[in-house]
Amino acid sequence: ETGVTQSPTHLIKTRGQQVTLRCSSQSGHNTVSWYQQALGQGPQFIFQYYREEENGRGNFPPRFSGLQFPNYSSELNVNALELDDSALYLCASGAPGYEQYFGPGTRLTVT
Amino acid sequence: KQEVTQIPAALSVPEGENLVLNCSFTDSAIYNLQWFRQDPGKGLTSLLLIQSSQREQTSGRLNASLDKSSGRSTLYIAASQPGDSATYLCAVGDTSGTYKYIFGTGTRLKVLA
């Protein structure tokens, strides 16, 4: 158990819809990162939040956005869903430069 | 730009065999390197974390080494068991800009009983 939880476990959405995924980090971890893992690939960095502000972004369009809250929870929002957004979405918490603790992931299917 | 490669992509071995999984990275300026295990459809289970100043870490039947100068890490699994069957991912702690992990595409391991 990493102490990082994610909800929901699975989600099915239609192309063009919007989705919100949630993550609860370990207490005391004020940095949270989100990753997208397509089938058969390694996870790809989406963005990171530190003290409720975006602190860096990977090669993902603006329709991927996030929020971080003072209670160590965070959200990943994806607008205008595309078929290629189907993936496992992972959040991770941990101090920069130290071990990252990953949640179990949310499997998103876009039809 | 940091790139991480894992070889082989897939491996099938008989139970009891010792095996080595390889991970290479292009930029030696890393914070650390972490090995993960991923079962089908599941999240990541951390196996070993090696800080950039360390050469190796051990946990039970697992041993991971790090050679920053050559951009290589190996994960050694002793006396493999069918329960070790999974995909093994290595991730490099990237120092360019925001601290983040750069992952390889993984090695899919199958241990035959």
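Up top is the structure.
Residues numbered from 1 in each chain as written. Chains lettered and ligands numbered in written order. Predicted model: local features only at pLDDT ≥ 70, side-chain atom pairs only at ≥ 80, totals over all residues. Heavy atoms only, no water.

**Description of the overall build of chain B**
Counting secondary structure elements, chain B contains zero helices and eleven strands. Along chain B, helices (α) and strands (β) appear in the sequence β-β-β-β-β-β-β-β-β-β-β when read from the amino end. For 113 residues, the compact-globule estimate of 2.2 N^0.38 gives 13 Å, and the C-alpha radius of gyration of chain B, at 14 Å, lies within 12% of that figure. The buried share of chain B, reckoned over its 113 residues, is 45%. Taking all contacts inside chain B whose residues are at least 6 apart in sequence as the whole, residues at least 24 apart take part in 55%. With an accessible surface of roughly 5,200 Å², chain B has 48% of that area assigned to carbon and sulfur atoms. (Helix = DSSP H or I, 4+ residues; strand = E, 2+ residues; numbered from the N terminus. Rg over C-alpha atoms; globule rule 2.2 N^0.38 Å. Buried < 20%, exposed > 50% of the residue type's maximum accessible area, 1.4 Å probe, protein only. Contact = heavy atoms within 4.5 Å. Areas by Shrake-Rupley, 256 points an atom, 1.4 Å probe, with all protein chains shown as cover.)

**So, the packing of aromatic side chains**
What the rule picks out here adds up to twelve aromatic pairs over all chains. Ring centres 5.5 Å apart and planes at 50° place the aromatic pair Tyr35(A) and Phe102(A) in the tilted group. Taken as a pair, Tyr35(A) in strand β4 (residues 31–37) and Phe102(A) in strand β10 (residues 101–102) lie far apart in primary sequence, 67 residues in all. Exposure class is identical for Tyr35(A) and Phe102(A). Each is buried. Members of the aromatic cluster, connected to one another through ring pairs, are Tyr35(A), Phe45(A), Phe102(A), Tyr31(B), Phe36(B), Tyr99(B), Tyr101(B) and Phe103(B). Looking at Lys100(B), its charged tip hangs above the ring of Phe45(A), at a distance of 5.9 Å from the centre. (Phe/Tyr/Trp six-rings, centres within 6.5 Å; stacked < 30°, edge-to-face > 60°. Lys NZ or Arg CZ within 6 Å of the ring centre and 35° of its normal.)

**Focus: the pattern of salt bridges**
For the coordinates displayed, the defined rule picks out seven salt bridges over all chains. A salt bridge links Asp39(B) to Arg37(B), with the shortest nitrogen-to-oxygen separation between them at 3.0 Å. The salt bridge involving Arg61(B) is made with Asp84(B); its shortest N-O contact spans 2.8 Å. Residue Arg61(B) is found in the loop between β6 (56–59) and β7 (62–67), and its partner Asp84(B) is found in the loop between β8 (72–77) and β9 (86–94); the two are separated by 23 residues along the sequence. Look at the salt bridges and you will find they share partners, linking Arg63(A), Glu82(A) and Asp85(A) into a network. (Salt bridge = Lys/Arg side-chain N within 4 Å of Asp/Glu carboxyl O.)

**So, the side chain of Thr31(A)**
Along the chain, Thr31(A) turns up in strand β4. Judged by its relative accessible area of 2%, Thr31(A) is buried.

**Here we look at the sheet that holds strand β3 (residues 19–24) of chain A**
All names here are of chain A. Across the sheet, four strands lie side by side as β1-β3-β8-β7; this open sheet has antiparallel pairing. Only two strands of the sheet have a single neighbouring strand rather than two, namely β1 (5–7) and β7 (64–68). The sheet shows a mean angle of 20° between the axes of neighbouring strands, taken without regard to direction. Note: β3 against strand β8 (residues 73–78), six bridges, orientation antiparallel. Bridged to arginine 22 within β8 is glutamate 75. (Pairing = 2+ DSSP bridges. Axes fitted to C-alpha atoms, helices over the stretch in contact; angles between N-to-C directions.)

**Things to note about the nonpolar core**
Residues Leu33(B), Trp35(B), Leu75(B), Ile77(B) and Tyr88(B) are the most contacted members of the largest nonpolar core, which totals 24 residues. Broken down by secondary-structure element, the contributors of at least two residues to this core are β3 (19–25), β4 (30–38), β5 (44–51), β7, β8, β9 and β11 (107–112) of chain B. When neighbours within four sequence positions are excluded, Tyr88(B) is seen to be in contact with Gln6(B), Leu21(B), Phe36(B), Arg37(B), Leu47(B), Leu75(B), Ile77(B), Gly106(B), Thr107(B) and Leu109(B). Within the second largest apolar cluster, 19 residues are counted, among which are Val19(A), Phe47(A), Leu81(A) and Val110(A). (Core = buried A, V, L, I, M, F, W, Y, C linked by side-chain atoms within 4.5 Å.)

**Here we look at the sheet that holds β7(B)**
Residue and element names in this part refer to chain B. If you trace the five strands from one edge of the open sheet to the other, you get β1-β3-β8-β7-β6, paired in antiparallel fashion. In this open sheet, the two edge strands, each paired with only one partner strand, are β1 (4–7) and β6. Between one strand and the next, the sheet's axes are offset by a mean angle of 15°, whatever the strand orientation. Where β3 and β8 come together, six bridges link them in antiparallel fashion. Among the inter-strand pairings, leucine 21 is bridged to a residue of β8, identified as leucine 75.

**Section: the state of the cysteines**
Per the counting criterion, the structure on display carries two disulfides over all chains. A disulfide bridge connects Cys23(A) with Cys91(A), and the sulfur atoms are separated by 2.0 Å. Torsion about the S-S bond of the Cys23(A) and Cys91(A) cystine: about 75°, corresponding to right-handed handedness. Here Cys91(A) lies in strand β9 (residues 87–93) and Cys23(A) lies in strand β3, a separation of 68 residues in the sequence. You'll find Cys23(A) and Cys91(A) in the same group, each marked buried. The disulfide partner of Cys23(B) is Cys90(B), and the S-S distance across this bridge is 1.9 Å. Where Cys23(B) bonds to Cys90(B) through sulfur, the torsion about that S-S bond is close to 65°, and the disulfide is right-handed. Here the residue Cys23(B) occupies a position in strand β3, and Cys90(B) occupies one in strand β9, the gap between them amounting to 67 residues. Each of the two residues, Cys23(B) as well as Cys90(B), counts as buried. (Disulfide = S-S within 2.5 Å.)

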